[in-house]
Amino acid sequence: MQVTGVRGDTDHPANFGRLCTKGGTLHLTMTPQVMAQRLMHPQLRREKLALRERVSWDAALDHAAEKFARAIREHGPDSVAFYISGQLLTEDYYVFNKLAKGLIGTNNVDTNSRLCMSSAVAGYKATLGADAPPCSYEDIDHADCLLIAGSNTAWAHPVLFRRIEDARAANPQMKLIVVDPRRTDTAEAADLHLAILPGTDIALYNAMLHVLLWEDRVDLDYIRAHTEGFDALKTLVRDYTPAMAADICGVKAEDIGTAARWFGQAPAALSLYCQGLNQSSHGTDNNAAIIHLHLATGKLGKPGCGPFSLTGQPNAMGGREVGGLANLLSAHRDMANPEHRAEVARLWGVADVPAKPGLTAVELFEAVHRGEIKALWIACTNPAQSLPDLTKVHEALAKCPFVVLQEVSADTDTAAFADLLLPAAGWGEKEGTVTNSERRITRVRAAVPAPGEARADWRIAVDFAQRLESRLSRHGVTLFPYENAEQIFNEHCATTIGRDLDIGGLSYALLEQSGPQQWPLRSGTSAGTPRLYADGVYPTASGRARFTPTQHRPPAEPTDPRHPLHLNTGRLRDQWHGMSRTGSVPRLAAHAPEPVIEMNALDMERRGIADGDLVRLKGKRGTLLLRAAASSTLRPAQTYVPMHWGGRFMSGRGVNALTLPANDPVSHQPELKHAAVQVEKFATGWQLVAMRRDDEGGLHARLQPWLARFDYATLTLVGRESTVVVLRACGGTDSPAPSPELLAELAAAMGLDSPAALAFNDARRGIAKRALVEHDCLAGALLCNETRATDWLLDLIARGGSTAELRKWLFAPLATPPAAGPARGRIVCNCFDVSENEIRGDLAAGLDLAALQGKSKCGTSCGSCLPELKRLAVQRAAAAPTGA
């Protein structure tokens, strides 16, 4: 049984059936070719230098239980740890949390949500009293002013951005303010873009509050009735004049004033924010500073109003609900509160739960590095690619005595360090629930069975926990009696009764009958709560929201003469996290086909760097070789590298080899959004490109060891109906050109060594070329040192076109052969496979946006490409001769 297509649920209140490019292509991650690369069976190595071997589930889990039990007996419960994921279902999360804190007695269970959402959690708790986003997506439809901060929503939350576009069309008076150092597609759509310098958010929001106070646009009645701490903040922001903040932020003072007035004058103002605020060494205060604007104006708890943190993963919210972080307890209970700990202990049937907070993500891997963690269980995440300071993380994983990885893929960056690999069920194969940004709980159902011996994540954790119970001499009734996911969900619901997120009235049956629901949904009610704090009562000791003094602080790592550039990291439009899933779909790479560093053109000119040149990116913790791309989205002295590319796709470990492990002191979220770097041109001595159609799958994984054999290399996928694996490599001027023996070895590895393959060699100039034609179609090619034909050859391989008219040109040093048109170039619309060159050609022919969409349908499905289409249309109109 196979998933053959994906369609959005038109009745779901979060998206009304809209899907982004990633959601719309999920079925392509479940093709027979991709599924053949799935982790299907447990694999174990009993010694670090041994190869892993297939074992039974019983052998795997018995071995793991014995390893964990021995570590706990000999070194104590805090010698083991769990690092899990915001992509687990709530039921999975619940079991892991109970396993660590209830059975073992350690709070060492943290999650990759620490890297994206913990500052939002801490910001809500510091100001509103609980980790409870007060808004709903429907508030977008009612807002008169929308402030988007630190989020390229058009790319990172494209379905939500479509809703914003719809709301603006329905209310042309709505003002859109975007705060982002880059002029992203989101910023391009704004009425006002505040391109602040990295890390200066607090100064901006303090200055906006200063203007609101100065111009009497605050709601003093609301402040007096529902808040506390305002006087201290009022005194603090008195110094944050627009002029002062303008100097700090690098924006115009009058623009700060305009933003404040639009926000203050609007009957309903809504803020949306994400990683630009969170991934900071003062992320908690960033969040608090933007929340202050809502509290000071009373724009909270009513339609179109409130501070709305956008969740970075599909179930980071569900993980927070069950207490799945090292400093949280189930149902938003406070770990430092003895009564809360006692409540959880009673609910779980254990003597107590530990009071000492566990190790958070960065702290955890630092402890692993120091040798304090003897057994580490990782589930559904890839810390060897996603954590900061990756050199140290890799060292830590290599020295950890026992590492378990519970995954769908056997070739993630982290898998190389696993002593035990456990095959987990993936999307479309699991039962449970997830909670989205607006507190809406959705039922997840399995469409197909998990492949091979893969199991649901909760099932794996339960089977392990039951084995561990006996080894820890816990006899009697098991803490983990679950036979299905629904039993776990019911227990989770029971733990929330009486809490702010009370879902005592929720059940699988209600979710099936009435659809997704927002918490709280208390017993005796039949529908959830779309908006919180409408009565002005907050879950704090006083019942009042809190203003907290927030002072501007610079990023943790300032630039200096040796590292004069700011490095920013973030998302691509069509990729997800470490690309262990989206990276298997060739069409998702069409918009951004290889890793690059984006730079301001002036910075490139000063360094003698041209577009497409290879550069060395140097930081204080590592270096990386990348192609440079000039970008008009960046101010001088700023650079941008997408976070997705790791060691499976490029030589080096990816951008997190350069990011730093500096944490926010409250949220413990690392500052992944800023590092100080230098960029210099890399002198290239030679280059090669090898490409091969891969109809059966597996070639990409087999070629990954080749990445380490070159100074610079990338390994990517191209294609739509077929898959083409592309290896690009370069060496420096001091690096010898590839020998004939190495080229022959590479040709064999790529299946280009057939006797029928065409070959051309010019030893004097170091040029070597191969081409494999099968059934009149070009199946693969290798070009060394003369690579001008790369693009059109790649197009020819990907589309499977006939070589009858082109065979004589296969080795010609031509960017475009006489018998064919130019290469299609970068794809803008993934849904309908429309390239940038085709779009520019149609616009030049006189088509406007509507006509362009009527012809090619671009932008009419998921809409992710709409901002770029609009930008291309505007550029064409601006370039057209007057009167044209």
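Heads up: these notes are all about the structure in this document. Keep in mind the model is a prediction, meaning the values are calculated, not measured.

1. So, the overall build of the chain
Part 1 of the argument: Along the backbone of the chain there are 30 helices and 33 strands.
Part 2 of the argument: Scaling as 2.2 N^0.38, a compact globule of 884 residues should have a C-alpha radius of gyration of about 29 Å, and the chain matches this with 28 Å.
Part 3 of the argument: Over its C-alpha atoms, taken along the principal directions, the chain stretches across nearly 80 × 75 × 55 Å.
Part 4 of the argument: Counting 94 positive and 97 negative side-chain charges, the chain places the centres of these two groups 2 Å from one another.

2. A look at the pattern of salt bridges
Part 1 of the argument: Taken as a whole, this structure holds 58 salt bridges when the rule is applied.
Part 2 of the argument: For Arg826, the salt bridge goes to Glu868, with nearest N and O atoms at 2.4 Å. With Arg826 in the loop between helix H27 (790–799) and strand E32 (827–829) and Glu868 in helix H30 (residues 866–879), this pair connects stretches of sequence that are 42 residues apart.
Part 3 of the argument: By relative accessible area, Arg826 is classed as partly exposed at 26%.
Part 4 of the argument: Judged by relative accessible area, Glu868 falls into the buried class, the value being 4%.
Part 5 of the argument: A cluster of three or more residues bridged by salt bridges with shared partners is formed by Asp58, Asp62, Glu66, Arg70, Arg73, Arg467 and Arg471.

3. Topic: the state of the cysteines
Part 1 of the argument: Scanning all chains against the criterion turns up zero disulfides.
Part 2 of the argument: Distance from the sulfur of Cys784, which forms no disulfide, to the nearest cysteine sulfur (Cys730) is 10 Å.
Part 3 of the argument: Here Cys865 stays unpaired: no disulfide links it, and the sulfur of Cys829, its closest cysteine neighbor, is 4.0 Å away.

4. Some thoughts on unusual backbone geometry
Part 1 of the argument: Between Trp519 and Pro520 the backbone carries a cis peptide bond, its omega angle lying at 0°.
Part 2 of the argument: Considering the arrangement of structural elements, one finds Pro520 in the loop between strand E18 (517–518) and strand E19 (545–546).
Part 3 of the argument: Phi is positive for Asn785, close to 80°, though the residue is something other than glycine.
Part 4 of the argument: Inspection of the secondary structure assignment puts Asn785 in the loop between strand E31 (777–784) and H27.
Part 5 of the argument: For Asn785, a relative accessible area of 25% corresponds to the partly exposed category.

5. Section: the environment of Arg788
Part 1 of the argument: Structurally, Arg788 can be placed in the loop between E31 and H27.
Part 2 of the argument: Considered as a pair, Arg788 and Ala815 are 27 residues apart in the sequence and their alpha carbons are 5.0 Å apart.
Part 3 of the argument: In this structure Arg788 touches Pro813, Leu814 and Ala815, once residues within four positions along its chain are discounted.
Part 4 of the argument: Among the polar contacts listed, one links the side chain of Arg788 to the side chain of Glu786, at a separation of 3.0 Å.

6. Structural notes on the side chain of Thr582
Part 1 of the argument: Here Thr582 lies in the loop between strand E20 (565–570) and strand E21 (596–599).
Part 2 of the argument: On the basis of relative accessible area, Thr582 is assigned to the buried category, the value being 8%.
Part 3 of the argument: Reaching out from Thr582, the side chain makes a polar contact with the backbone nitrogen of Trp576 at a distance of 3.3 Å.
Part 4 of the argument: Beyond its immediate chain neighbours, meaning those up to four positions away, Thr582 contacts Lys22, Asp574, Gln575, Trp576 and Leu588.

7. Notes on the pairing of strand E30 (residues 767–774)
Part 1 of the argument: In terms of burial, E30 is largely enclosed, as six of its eight residues are buried.
Part 2 of the argument: Alignment of strand E29 (residues 758–762) against E30, held across five bridges, turns out to be antiparallel. The partner of Leu758 across the bridge, within E30, is Ala771.
Part 3 of the argument: In this structure, the hairpin formed by E29 and E30 is closed by a connection of four residues, where Gly766 is found at a positive phi of approximately 70°.
Part 4 of the argument: Here E30 folds back onto E31, and the loop between the two strands holds two residues, one of which, His775, carries a positive phi near 55°.

8. Brief notes about the packing of aromatic side chains
Part 1 of the argument: In this structure the tally under the stated criterion is 19 aromatic pairs.
Part 2 of the argument: Ring geometry for Phe68 and Phe464: centres 5.3 Å apart, planes at 75°, overall edge-to-face. Placement of the pair is Phe68 in helix H3 (residues 57–75) and Phe464 in helix H21 (residues 457–471), with a sequence separation of 396 residues.
Part 3 of the argument: Phe68 gets classed as buried once you look at its relative accessible area, which sits at 0%.
Part 4 of the argument: Between Trp645 and Phe649 the ring centres are 6.0 Å apart and the planes differ by 80°, which places this aromatic pair in the edge-to-face class.
Part 5 of the argument: For Trp645, a relative accessible area of 4% gives the class buried.

9. Quick notes on the sheet that holds E29
Part 1 of the argument: The strand order E27-E28-E26-E31-E30-E29 describes an open sheet built from six strands, whose pairing is antiparallel. Only two strands of the sheet have a single neighbouring strand rather than two, namely strand E27 (712–718) and E29. Along the sheet, successive strands turn relative to each other by an average axial angle of 10°, direction set aside.
Part 2 of the argument: Here E30 runs beside E31; their pairing, made up of seven bridges, is antiparallel. Residue Ala768 lies in a different strand from E31, and its bridge partner there is Cys784.
Part 3 of the argument: Taken strand by strand, helix H26 (residues 740–749) contacts strand E26 (684–693), strand E28 (724–732), E30 and E31, and its axis lies near 155° from that of E31.
Part 4 of the argument: Here H27 sits on the sheet and contacts E26, E27, E28 and E31; the angle it forms with E31, its principal contact strand, is near 155°.

10. Here we look at the side chain of Arg693
Part 1 of the argument: Inspection of the secondary structure assignment puts Arg693 in strand E26.
Part 2 of the argument: Not counting chain neighbours up to four residues away, the residues in contact with Arg693 comprise Ser722, Thr723, Val724, Glu774, Cys777, Leu778, Ala779 and Ile797.

11. Comments concerning the pairing of strand E13 (residues 375–379)
Part 1 of the argument: Extensive coverage of E13 is indicated by the burial of five of its five residues.
Part 2 of the argument: Residue alternation in E13 divides its side chains into two sets, Ala375, Trp377 and Ala379 and Leu376 and Ile378, and both sets are buried.
Part 3 of the argument: Bridge count for strand E3 (residues 80–84) against E13 is four bridges, and the pairing is parallel. For Tyr83, the partnering residue across the bridge sits in E13 and is Ile378.
Part 4 of the argument: Taken together, the five bridges between E13 and strand E14 (residues 402–407) define a ladder with parallel strand orientation. Of the residues in E14, the one forming a bridge with Ala379 is Gln406.

12. Looking at helix H22 (residues 485–496)
Part 1 of the argument: Given a rise of 1.5 Å per residue, 12 residues ought to cover 16 Å, and the 17 Å separating the end C-alpha atoms of H22 matches this to within 8%.
Part 2 of the argument: One side-chain oxygen of the residue at the start of H22 lies 3.2 Å from the amide nitrogen of Glu486, identifying that residue as Asn484.
Part 3 of the argument: Following H22 by one or two positions, Gly498 adopts a phi angle in the positive range, close to 90°.

13. Quick look at the environment of Ala749
Part 1 of the argument: Assignment of secondary structure puts Ala749 in helix H26.
Part 2 of the argument: Here the alpha-carbon distance between Ala749 and Trp706, two residues 43 residues apart in the chain, equals 9.6 Å.
Part 3 of the argument: Non-local contacts of Ala749, meaning those with residues more than four positions away in its chain, are made with Leu699, Leu703 and Trp706.

14. Some points on the packing of helix H28 (residues 836–844) against H30
Part 1 of the argument: Where H28 meets H30, the axes come as close as 10 Å, and the angle between the chain directions of the two elements is 45°. Our classification of the angle between H28 and H30 gives oblique. Here H28 and H30 pass one another in a crossing that is right-handed. Between H28 and H30, the contacting residues are Glu836, Ile839, Arg840, Leu843 and Ala844 on the first element and Leu869, Leu872, Ala873, Gln875 and Arg876 on the second.
Part 2 of the argument: Residue composition of the contact of H28 with H30, by class: six nonpolar, one polar and three charged.

Basis of the calculations
- Residues numbered from 1 in each chain as written.
- Predicted model: local features only at pLDDT ≥ 70, side-chain atom pairs only at ≥ 80, totals over all residues.
- Heavy atoms only, no water.
- Helix = DSSP H or I, 4+ residues; strand = E, 2+ residues; numbered from the N terminus.
- Rg over C-alpha atoms; globule rule 2.2 N^0.38 Å.
- Lys, Arg positive; Asp, Glu negative; His and termini not counted.
- Charge placed at Lys NZ, Arg CZ, Asp CG, Glu CD.
- Salt bridge = Lys/Arg side-chain N within 4 Å of Asp/Glu carboxyl O.
- Buried < 20%, exposed > 50% of the residue type's maximum accessible area, 1.4 Å probe, protein only.
- Disulfide = S-S within 2.5 Å.
- Contact = heavy atoms within 4.5 Å.
- Polar contact = N/O pair within 3.5 Å; in protein donor to acceptor, adjacent residues only side chain to side chain.
- Pairing = 2+ DSSP bridges.
- Phe/Tyr/Trp six-rings, centres within 6.5 Å; stacked < 30°, edge-to-face > 60°.
- Axes fitted to C-alpha atoms, helices over the stretch in contact; angles between N-to-C directions.
- Expected span 1.5 Å × (residues − 1).
- Parallel < 35°, antiparallel > 145°, perpendicular 65-115°, else oblique.
- Left-handed = near helix turned anticlockwise from the far one by under 90°.
- Nonpolar A, V, L, I, M, F, W, Y, C, P; charged D, E, K, R; others polar.

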